[in-house]
Amino acid sequence: MVLGQLPALQKLINPKTKVTSFKRLSKHLKLSKLEVVQLFHVSPVKNRTSIRSCGLVPKSKTEGLLITYEPRVFVSSVYEEAAFEYVSFEEVDVWSFYMPKQYLYVDEFSNYGNHYYMKVAVPWYRLTLLETR
């Protein structure tokens, strides 16, 4: 006997009940929001412990007269253009991760076309340490 044919369960089944489409039960997700980009972040080695426990947390720069900005994480979409000149070429970690492209904003202060920033944090479990220089 099939479970749905048991007399006790037959009373629960209303023959007038019409099966609705599953599309009504869930929110439609646009495929364009699923597009992700591999990104690279350069950070001094001294930040490694913090990054491994907290991830990449947006920081702001409010001191100085030349450039001030709201909290952000600077990234590059091309490894060769990672921001070594802004941090250092030695004693740095290069981190890699994937993020949806809608979180990226063009870095208006950079001379490179593939430099971006994000206003959201990147959790530690999404990060991969590619190399240490």
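A brief structural summary. If you're wondering where the values come from, they're calculated on a predicted model, not measured in any experiment. (Residues numbered from 1 in each chain as written. Predicted model: local features only at pLDDT ≥ 70, side-chain atom pairs only at ≥ 80, totals over all residues. Heavy atoms only, no water.)

A separate point is the environment of Val 106. With respect to the helices, strands and loops of the structure, Val 106 is situated in strand β5 (residues 105-106). By relative accessible area, which is 57% here, Val 106 ends up exposed. If near-sequence neighbours (up to four positions away) are discounted, Val 106 is found in contact with His 115, Tyr 116 and Tyr 117. (Helix = DSSP H or I, 4+ residues; strand = E, 2+ residues; numbered from the N terminus. Buried < 20%, exposed > 50% of the residue type's maximum accessible area, 1.4 Å probe, protein only. Contact = heavy atoms within 4.5 Å.)

What follows deals with the pattern of salt bridges. Side chains bearing opposite charge may pair, as long as their charged atoms lie close to each other. Following the criterion strictly, the structure yields five salt bridges and no others. Here Glu 35 ties to Lys 101 by a salt bridge, and the two come within 2.7 Å at their closest N and O atoms. Taken together, the positions of Glu 35 in the loop between α1 (7-10) and β1 (36-44) and Lys 101 in the loop between β4 (92-100) and β5 put the pair 66 residues apart, joining distant regions of the chain. Given the relative accessible area of 37%, Glu 35 is considered partly exposed. Residue Lys 119 is joined to Glu 70 by a salt bridge in which the shortest nitrogen-to-oxygen separation is 3.1 Å. Of the two residues, Lys 119 is situated in the loop between β6 (115-118) and β7 (128-132) and Glu 70 in strand β3 (residues 69-76); the sequence distance between them amounts to 49 residues. Given a relative accessible area of 38%, Lys 119 falls into the partly exposed group. For Glu 70, a relative accessible area of 38% puts it in the partly exposed group. (Salt bridge = Lys/Arg side-chain N within 4 Å of Asp/Glu carboxyl O.)

With that out of the way, let us pick up the packing of aromatic side chains. Applying the stated criterion to the full structure yields four aromatic pairs. Note on Tyr 105 and Tyr 117: the rings are 5.4 Å apart at their centroids and 20° apart in plane angle, and the pair reads as stacked. Taken together, the positions of Tyr 105 in strand β5 and Tyr 117 in strand β6 put the pair 12 residues apart, joining distant regions of the chain. A relative accessible area of 7% places Tyr 117 in the buried class. For the cation-ring pair, Arg 72 lies above Tyr 117, with the distance from its terminal atom to the ring centre recorded as 3.6 Å. (Phe/Tyr/Trp six-rings, centres within 6.5 Å; stacked < 30°, edge-to-face > 60°. Lys NZ or Arg CZ within 6 Å of the ring centre and 35° of its normal.)

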